Amino acid sequence: YASHHRLYEVLVTQYLLPGQSLPLPSERSADVLDYLHAAYVLRVRIGPEVISRLESMVSSSEVPAIEQLMLLDALITATLPQGDPERLADLDRWSARAFEQGTEVPTVRASRGSVLVEIGRAAEGLALLEDCLNGQDFNDCLVHAYRALGRFKLGDVESARSEFAAAKALFRHEQWHGEDIARIVERIGKAIGSELKLPTTWSVEAARAAFRTRTSTRSARPDIP
């Protein structure tokens, strides 16, 4: 717990409401920290086994509510990039539960809004995404991308292209190439006819930066992907 306490604080704090404080470690906190270490330090891709484990944790009464909320959002974030129609029901269920527990938490509102857009309830999704920009490039890129998809589904192609242009302006290919965010933004771009075109070759500087990113342990930041 001590070695990853700062990472835990940074991530869980995003789900706290005014007046709430970080929970004391529970018996299941070791499992939560194992997940955080794998996802944010080792950068392990979240596969079916991890998703199954997360589902088990969020169903446990031993996991504090604030940790459950963080893990529900992790489930959504891990599943959205797949674009799998068979997981839409799961996404709806997870995001509805998270939204019920943390209606006022910006990242939860953004996740629920994105899922609503994905499942065809674009107008409801856009209403939630209206106030989800927070100045963090990673968050704002996704919010603009899902706003673009929502407006496109409602037939407002011009606004959709404008929103996607804002998403592209925030997209940093050297840092996010190969990350889940790239899969989401590329998929949405193709859906609305405004593809995100990544460079076919990188500069030496960009390649070196990407290599350092992949082979070093980065400190936690509020906008960790």
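K.L.:
I'd like a rundown of the overall build of the chain, residues and numbers included.
P.N.:
Helix and strand content of the chain: 12 helices and zero strands. Start at the N end of the chain and walk to the C end: the helices and strands fall as α-α-α-α-α-α-α-α-α-α-α-α. Looking at the 225 residues of the chain, the share that counts as buried comes to 44%. If you take every contact in the chain between residues at least 6 apart in sequence, the share linking residues at least 24 apart comes to 64%.

K.L.:
Provide a residue-level description of helix H1 (residues 5-13), including the pertinent values.
P.N.:
Of all the residues in H1, the buried ones are Leu7, Tyr8, Val10, Leu11 and Val12. In this structure, the buried side of H1 is in contact with helix H2 (29-41) and helix H4 (65-79).

K.L.:
Let's hear about the side chain of Ser60: which residues, and what values?
P.N.:
With respect to the secondary-structure elements, Ser60 resides in the loop between helix H3 (48-58) and H4. According to the relative accessible area criterion, Ser60 is buried, its value standing at 11%. In this structure, Ser60 is in contact with Arg28 and Gln68, ignoring residues within four places of it in sequence.

K.L.:
Account for the environment of Thr13, naming residues and giving values.
P.N.:
In this fold, Thr13 is placed in helix H1. In this structure Thr13 comes out as partly exposed when scored by relative accessible area, which is 42%. C-alpha of Thr13 to C-alpha of Ile66: the two residues are 53 residues apart in sequence and 9.0 Å apart in space.

K.L.:
Got a sec to walk through the packing of H4 against helix H5 (residues 88-101)? Specific residues and values, please.
P.N.:
Taken N-terminus to C-terminus, the directions of H4 and H5 make an angle of 145°; their axes are 9 Å apart at the nearest point. Here H4 runs over H5; the crossing is left-handed. Two secondary-structure elements touch here, H4 through Ala65, Gln68, Leu69, Leu72, Leu75, Ile76 and Thr79 and H5 through Leu91, Trp94, Ser95, Arg97, Ala98 and Gln101. Taken together, the residues that form the contact of H4 with H5 break down as eight nonpolar, four polar and one charged.

K.L.:
Let's hear about the pattern of salt bridges: which residues, and what values?
P.N.:
All told, the structure shown has nine salt bridges when counted by the stated rule. Among the ionic pairs, Arg112 bridges to Asp92, the shortest N-O distance being 2.7 Å. Separated by 20 residues along the polypeptide, Arg112 in helix H6 (residues 106-118) and Asp92 in helix H5 bring together distant segments of the chain. The exposure class assigned to Arg112 is buried, which follows from its relative accessible area of 8%. Take Asp92: its relative accessible area is 25%, and that puts it in the partly exposed class. When the shortest N-O distance is used, the salt bridge between Glu163 and Arg151 registers 3.4 Å. Taken together, the residues span a long stretch of sequence, with Glu163 in helix H9 (residues 157-170) and Arg151 in helix H8 (residues 137-153) at a distance of 12 residues.

Procedures and definitions
Residues numbered from 1 in each chain as written. Predicted model: local features only at pLDDT ≥ 70, side-chain atom pairs only at ≥ 80, totals over all residues. Heavy atoms only, no water. Helix = DSSP H or I, 4+ residues; strand = E, 2+ residues; numbered from the N terminus. Buried < 20%, exposed > 50% of the residue type's maximum accessible area, 1.4 Å probe, protein only. Contact = heavy atoms within 4.5 Å. Axes fitted to C-alpha atoms, helices over the stretch in contact; angles between N-to-C directions. Left-handed = near helix turned anticlockwise from the far one by under 90°. Nonpolar A, V, L, I, M, F, W, Y, C, P; charged D, E, K, R; others polar. Salt bridge = Lys/Arg side-chain N within 4 Å of Asp/Glu carboxyl O.

Interpretation in functional terms is not warranted from these geometric data alone.
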